[in-house]
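Read off the chains here:
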Amino acid sequence: MRQAGAYSKLVSGGRSGPHALPLARIKKIMKNSSEEVKMISGEAPIVFSKACELFIEELTKRAWAMTLQGKRRTMQREDVASAVITTDLFDFLITLVSDSVPAQESLPVLEP
């Protein structure tokens, strides 16, 4: 079996294990995503872990901008929802957050 250590260092900027997100949980989610998914290499969950970290960072930055726009210092669910609604990149999450924010036609659409 191939060790993921070398690839892990590439993806994580030189550091290896422990990862910010649990690799076993990521692998379980990957396997449960489809009945067709049978085998997953050791490196695939590491790449997904890094992708999830980057996704969380980007969404947090955009939600924090909404928090500051509201002149607050505590990020709220509505800030995350506003970030999703105003960013085309996060359109796949709109149904998840659509009940969180009232219709706001005045929000600008931010490009990635």
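Details of the structure are given in the entry above.
Model, not experiment: these values are computed from the prediction. (Residues numbered from 1 in each chain as written. Predicted model: local features only at pLDDT ≥ 70, side-chain atom pairs only at ≥ 80, totals over all residues. Heavy atoms only, no water.)

Undergrad: How should the side chain of Arg62 be read in this particular structure?
TA: Turning to its location among the elements, Arg62 is positioned in helix H3 (residues 44-69). Judged by relative accessible area, which is 12%, Arg62 ranks as buried. Side chain to side chain, Arg62 and Glu58 meet in a polar contact 2.7 Å long. (Helix = DSSP H or I, 4+ residues; strand = E, 2+ residues; numbered from the N terminus. Buried < 20%, exposed > 50% of the residue type's maximum accessible area, 1.4 Å probe, protein only. Polar contact = N/O pair within 3.5 Å; in protein donor to acceptor, adjacent residues only side chain to side chain.)

Undergrad: When you look at the packing of H3 against helix H4 (residues 77-86) in this model, what are you seeing that I'm missing?
TA: Between two packed helices, what matters for the description is the angle formed by their axes and the separation of those axes. Two elements in contact, H3 and H4, have axes whose closest approach is 8 Å; the angle formed by their N-to-C orientations is 110°. The angle between H3 and H4 places the two elements in the roughly perpendicular class. You can see that H3 and H4 cross each other, and the crossing is right-handed. Across the interface between the two elements, Leu59, Arg62, Ala63, Met66 and Thr67 of H3 pack against Asp79, Val80, Ser82, Ala83, Val84 and Thr86 of H4. Here the residues of the contact of H3 with H4 sort into six nonpolar, three polar and two charged. (Axes fitted to C-alpha atoms, helices over the stretch in contact; angles between N-to-C directions. Parallel < 35°, antiparallel > 145°, perpendicular 65-115°, else oblique. Left-handed = near helix turned anticlockwise from the far one by under 90°. Contact = heavy atoms within 4.5 Å. Nonpolar A, V, L, I, M, F, W, Y, C, P; charged D, E, K, R; others polar.)

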